[in-house]
Protein chains: 2
Amino acid sequence: MDTRSIGMFDSGVGGLTVLKEVIEECAGEKVIYLGDTKSFPYGNKTKESIIQLCKNAIDFLIKKDVKAIIIACGTATSQALEEMQKCYNIPIIGIIDSTVEYIENKGYKNIGVMATRGTIRSNGWKNKIDKKIKNANVINKECPLLAPMAEEGWTENEIAKLVVAEYLKGLKNIQCLILGCTHYPLFKEVIEEQIGDSVDVINTGEILAKSLNKILKEKNITNNKQTTKEYEIYLTDMETNFINVASKLLKDDSIGDRIKLAEY
Amino acid sequence: MDTRSIGMFDSGVGGLTVLKEVIEECAGEKVIYLGDTKSFPYGNKTKESIIQLCKNAIDFLIKKDVKAIIIACGTATSQALEEMQKCYNIPIIGIIDSTVEYIENKGYKNIGVMATRGTIRSNGWKNKIDKKIKNANVINKECPLLAPMAEEGWTENEIAKLVVAEYLKGLKNIQCLILGCTHYPLFKEVIEEQIGDSVDVINTGEILAKSLNKILKEKNITNNKQTTKEYEIYLTDMETNFINVASKLLKDDSIGDRIKLAEY
């Protein structure tokens, strides 16, 4: 048994979709979530900038004595995960590997990826898919407006529907669609409505949470002490809209009490 | 005569609407433009973060030996202009004062302001208007999606029209509408189409350029040596979309040659 927390970070509210899945799936675990809101959005930054931001975030979480770190951000996973795994001894998990494994098991070959500009241009998803899955056909789509819209809380209105329709235009003849940015599960209903039942729309947080649970058990570092869902949130820049979206997503009215300023 | 350049900065492509007006209005001046794309968007950052980013940008421009600095960003003007004017000896001009003076001269009392969350919450526009104009009635509207949409180049499509319509809903019975973020003149046509002829839609860059021209003449620091429109662009993070938007806005196909990386 290991009572230390699980650390998790993202550039904003997006990673909360992963937090939600992890606290539901990994019963007993405490999670410390860092939202690097000061640097939001990561999506259009260079690889070098993102590596530095990840180091800062991981150093902060390590000081909080976490036992594992989840990079709950598609951009940071695709641009910096390997570098981070080289720099640190602690287990660091991104949102890509477990999803690619899921796709491999399902036997999908025609794969759509919606993600930020940075993630798409890094080829993070495509490279991992090509390595694991023979004859995969990957269609990438940059969706730079979705993350800011999620931060705004516009995930189900007419504008959300129109923006999603615009982005789905190029994604034809696919078996599954990876929501390659952790903000995007907030648009899952709108996307599923438009793309239809034949496409498996993948929430990477859901897959990651299952995989994390397995890893914790294998390494024998689960925490069985906690009985209730427990988490703390740190932000690098206080953002009232973060609280609104987080409170809605996590169905937690007193979430404001769990949020502190992260200074580093 | 003073052959030094004019320095100008913004968090992204927004300030280019000001650059465009300044190179048209201030014939003979050379402009050095800094786009702090690494930190885009400024709009939802705290005052403390913005002050630090402004100091970094101004230090960079001062090293380039500029004779005056324009803060071509609504958020930075409203959050940091006064602080910057205290810290530095060089003339520093924001986008608020000249526009408020224009409104005063026109005799407008019912004033709409569209701006980023940071600008609206700082009350930068409202405070300045209330100080200058008696019995002014200011209606503020936070528009956090417009700047990212402008960065994306979505300024005239169906989505732009719908988002603008959403933001204009609360702006009734006004005589003028301040485009309080330098990105917003990119939506000027769509806004004017929806709000009608009775409202004076104000491009702050246009007003600022006229005011700058006057200041340069008064201080006797104009540059008559240059005959063609001349400018250089520095970015803190290379962003290919910046080049697309800039090239379209400034009608300059070879703009890529003028762009360099700013390292600081």
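Residues numbered from 1 in each chain as written. Chains lettered and ligands numbered in written order. Predicted model: local features only at pLDDT ≥ 70, side-chain atom pairs only at ≥ 80, totals over all residues.

### A look at the packing of helix α8 (residues 158–168) of chain B against helix α9 (residues 188–195) of chain B
Residues and elements named next belong to chain B.
Thinking step 1. Running from N to C, α8 and α9 cross one another at 55 degrees; their axes reach a closest spacing of 10 Å. Classified by the interaxial angle, the pair formed by α8 and α9 is oblique. Our pair here, α8 against α9, has a crossing hand that is right-handed. Judged by residue contacts, A160, K161, V164, A165 and L168 of α8 engage V190, I191, Q194 and I195 from α9.
Thinking step 2. Per-class residue counts for the contact of α8 with α9 are 7 nonpolar, 1 polar and 1 charged. (Axes fitted to C-alpha atoms, helices over the stretch in contact; angles between N-to-C directions. Helix = DSSP H or I, 4+ residues; strand = E, 2+ residues; numbered from the N terminus. Parallel < 35°, antiparallel > 145°, perpendicular 65-115°, else oblique. Left-handed = near helix turned anticlockwise from the far one by under 90°. Contact = placed C-beta atoms within 7 Å. Nonpolar A, V, L, I, M, F, W, Y, C, P; charged D, E, K, R; others polar.)

### As for the interface of chain A and chain B
Thinking step 1. Between chain A and chain B, the residue contacts involve 18 residues of the former and 18 residues of the latter.
Thinking step 2. Those elements that place two or more of their residues in the side of chain A that touches chain B are α7 (146–152) and α8 (158–168) of chain A.
Thinking step 3. Ranked by residue count, the leading element in the side of chain A that touches chain B is α8 of chain A, at 5 residues.
Thinking step 4. Residues of the side of chain A that touches chain B, tallied by class, amount to 8 nonpolar, 3 polar and 7 charged.

### Let's talk about the sheet that holds strand β9 (residues 230–235) of chain B
Hydrogen bonds between backbone atoms are what pair the strands of a sheet, whose relative direction is either parallel or antiparallel.
Residue and element names in this part refer to chain B.
Thinking step 1. If you walk across this open sheet you meet the 6 strands as β4-β3-β1-β2-β9-β10, and the pairing is parallel. In this open sheet, the two edge strands, each paired with only one partner strand, are β4 (92–93) and β10 (259–261).
Thinking step 2. When strand β1 (residues 5–10) meets strand β3 (residues 66–71), the two strands line up parallel, connected through 5 bridges. Counterpart to G7 in the pairing with β3 is I69.
Thinking step 3. On the sheet, helix α1 (residues 16–25) packs against β1, β2 (30–35), β3 and β9 and is oriented at approximately 175 degrees with respect to β2. (Pairing = 2+ DSSP bridges.)

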